[in-house]
Amino acid sequence: MRLHSHRFYGDNCTDQELWTSLRLSMKPSPEVLHYILTHFQWFWDLVNNSFLLKAFVKTFLKKKTIIFSYSHKVRTELIPSPPTYNSKYGYLNLESYSNISYYTRLLPPIPEDCPLPMGTKGKPQLPDPGVLTERFFRRKTFRPDPQGSNLMFAFMAQHFTHQFFKTDHSVQGGFTKALGHGVDAGNIYGDNLVRQHHLRLHEDGKLKYQTVNGDVYPPTAAEVPVHMLYPERILPEDRLAIGQEVFGLLPGLSMYATVWLREHNRVCDILKAEHPTWDDEQLFQTSRLIIIGEIINIIIEEYVQHLSGYLLKLKFDPTLLFNTHFQYSNRIALEFSHLYHWHPLMPDSFLIDGDDIPYSQFMYNTSLLMHYGVEKLVEAFSHQPAGQIGGGYNSHAVVLKVSEMVIRESRATRVQPFNEYRKRFNQKPYTSFYDLTGDVEMARGLEELYGDIDAVEFYPGLLLEHTRATSLFGESIVEMGAPFSLKGLMGNPICSPEYWKPSTFGGETGFNIVKTSTLKKLVCLNTKWCPYVDFHVPRNEDETNPGKPSTEL
């Protein structure tokens, strides 16, 4: 064993030798590490512009994908691979591993024979979800995210995650309709072959589309017979046919669907020029791999970068993990699905090109996309602040039902208490309701409803936890969400040594599209003029000037 390795002894090799105990006790806590990563600008400027960057990013990926952990159990994987439990089985078995119709589970369900709903602590009856959300979630006054997140970020969060968060509400028990369990772009291409083939043009690898006022948009459901979730009052010719059946709900989702459709067809044209002998199938399949690569690159280098608030510049470089123990596979956990319900991001209304549009005129209104065009929607969404997720009291009344649904689903699947997950992710459990919320009134109300801090449910704990200073949410969502996210992103097969090479993406040109992709390129290479586009509201007036030609990227 190398000199700097950790040493253990005992029957199960869990007792620490003195040097190991000292080394591990000196590891920074998640809170200290977060502080270091979000302060000392001069130091991170040095790192980001030197040979040190790769080493720091490699360490970050190892920590966050939990090849190593902060735990006093060396090499304990916080996100187990292969998966362990599901909602039916609280013990290891082949069904939990092989039945991908289930979400996996990080912690086993609360045993059915426990004396109380949350195990052994708390009150004999949990608070009514409607009362809980109305009292602690409902927005009093819109509170913008102090990190500067905008609606472009909020809609990306929904569009991106709905390729692998597809809870099957027709059955109880933590089932998912998403077969990919990761970034497979099923939200663009459909989650099954039948839907995919309906959406494909079957010519030059492209997807079907319609042209309105000279611009490309998704085809209508009248033209493409795929199931889309719209109210009955919306006619088939007014429904857009998209890979994800719920994306007609909000024009922000239809906007992203339109941009990715245009990008796919643009990539097909590039590949066809490079490989004139390729047939439709090879052009489609290779373009899909490029799109998946672009998604992961943008999510890590811009979306996760913004979300973290870190001064360390994150880089999407799969080669950093090639010489480490890492499994290129992923299963979506039920807890991750619950954690990612970030509906406080949604504003009170939508400000587009001088118009103030209420929810009643925004939801299921596909005409807004064609009326304003992608450029004006991007411009508007990039300027409008999103709400702060953590701290409670910031969910619009329209989305309260979704929070209720998550809480009911959590109870039906017997998700363990919030503090149990704090411990699972090596965080100190909260000892009081005020410790959790930092708000006297909320703490008293929660104590009245739950009785014991160890009985607070997982999702309410995440959403009501006091936020970090000038942050989108509290410590727990970051420390729990990051390992799930980066394991899912870096566990994608395109990140493996077998896939991560030019030939996978049709040569150096396709490989370069992946490695140099940005949110701005995604939008501006597929629009007539280049709007201000970012996940952050403009920091100064110079950023807001639209109209830059797409060719100048």
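Above this text you will find the structure in question.
What counts, and at which threshold
- Residues numbered from 1 in each chain as written.
- Predicted model: local features only at pLDDT ≥ 70, side-chain atom pairs only at ≥ 80, totals over all residues.
- Heavy atoms only, no water.
- Buried < 20%, exposed > 50% of the residue type's maximum accessible area, 1.4 Å probe, protein only.
- Helix = DSSP H or I, 4+ residues; strand = E, 2+ residues; numbered from the N terminus.
- Polar contact = N/O pair within 3.5 Å; in protein donor to acceptor, adjacent residues only side chain to side chain.
- Salt bridge = Lys/Arg side-chain N within 4 Å of Asp/Glu carboxyl O.
- Disulfide = S-S within 2.5 Å.
- Core = buried A, V, L, I, M, F, W, Y, C linked by side-chain atoms within 4.5 Å.
- Contact = heavy atoms within 4.5 Å.
- Phe/Tyr/Trp six-rings, centres within 6.5 Å; stacked < 30°, edge-to-face > 60°.
- Lys NZ or Arg CZ within 6 Å of the ring centre and 35° of its normal.
- Axes fitted to C-alpha atoms, helices over the stretch in contact; angles between N-to-C directions.
- Parallel < 35°, antiparallel > 145°, perpendicular 65-115°, else oblique.
- Left-handed = near helix turned anticlockwise from the far one by under 90°.
- Nonpolar A, V, L, I, M, F, W, Y, C, P; charged D, E, K, R; others polar.

(A) A look at helix H7 (residues 151-161). Burial runs high along H7: eleven of the eleven residues are buried. Those residues of H7 that fall on the buried side of the exposure criterion are Leu 151, Met 152, Phe 153, Ala 154, Phe 155, Met 156, Ala 157, Gln 158, His 159, Phe 160 and Thr 161. Sitting at the amino-terminal end of H7 is Asn 150, which places a side-chain oxygen 3.1 Å from the backbone nitrogen of Met 152.

(B) Representation of the pattern of salt bridges. Summed over the entire model, instances satisfying the criterion amount to 24 salt bridges. A salt bridge links Asp 454 to Lys 121, with the shortest nitrogen-to-oxygen separation between them at 2.8 Å. Of the two residues, Asp 454 is situated in the loop between helix H18 (440-450) and helix H19 (458-464) and Lys 121 in the loop between helix H5 (94-98) and helix H6 (129-136); the sequence distance between them amounts to 333 residues. Looking at Asp 454, the relative accessible area reads 24%, which means it is partly exposed. Look at Lys 121 and you get partly exposed, because its relative accessible area is 38%. In this structure, Asp 280 and Arg 200 form a salt bridge, with 2.9 Å as the shortest nitrogen-oxygen distance.

(C) Fine view of the state of the cysteines. Taken as a whole and judged by the stated rule, the model has one disulfide. One disulfide in the model links Cys 524 with Cys 530; its S-S distance is 1.9 Å. Looking along the S-S bond of the Cys 524-Cys 530 disulfide, the torsion reads about 65°, which is the right-handed sense. Summarising the burial analysis for this pair, Cys 524 and Cys 530 share the class buried.

(D) Structural context of the nonpolar core. Formed by 140 residues in total, the largest nonpolar core has its most connected members in Phe 155, Tyr 303 and Trp 342. Ranked by residue count, the leading element in this core is helix H11 (residues 280-308), at 13 residues. Not counting chain neighbours up to four residues away, the residues in contact with Trp 342 comprise Phe 153, Ala 157, Tyr 303, Leu 307, Ile 389, Phe 473 and Ile 477.

(E) Molecular detail of the packing of aromatic side chains. Summed over the entire model, instances satisfying the criterion amount to 30 aromatic pairs. Ring centres 5.4 Å apart and planes at 85° place the aromatic pair Tyr 189 and Phe 284 in the edge-to-face group. Residue Tyr 189 is located in helix H8 (residues 186-189), and its partner Phe 284 is located in helix H11; the two are separated by 95 residues in the primary sequence. The pair formed by Tyr 189 and Phe 284 is uniform in burial state, with each residue classed as buried. Summarising the aromatic geometry, the rings of Phe 418 and Tyr 430 are spaced 6.2 Å apart at their centres and angled 20° between planes, so their arrangement reads as stacked. Separated by twelve residues along the polypeptide, Phe 418 in helix H16 (residues 418-424) and Tyr 430 in the loop between H16 and helix H17 (433-437) bring together distant segments of the chain. An identical accessibility class is assigned to Phe 418 and Tyr 430; each is buried. Over the aromatic face of Tyr 217 sits the side chain of Arg 262, whose NZ or CZ is 5.2 Å from the ring centroid. In this arrangement the basic side chain of Arg 422 is found over the ring face of Tyr 430, its NZ or CZ atom lying 4.3 Å from the centre.

(F) The packing of H11 against helix H20 (residues 475-490), seen in detail. At their nearest, the axes of H11 and H20 sit 10 Å apart, and the two run at 150° to each other. Between H11 and H20, the interaxial angle falls into the category roughly antiparallel. Relative to H20, H11 is oriented so that their crossing is left-handed. Listed contacts from H20 to Ile 296, Ile 299, Ile 300 and Val 304 of H11 are Leu 486, Leu 489 and Met 490. In terms of residue class, the contact of H11 with H20 is made up of seven nonpolar, no polar and no charged.

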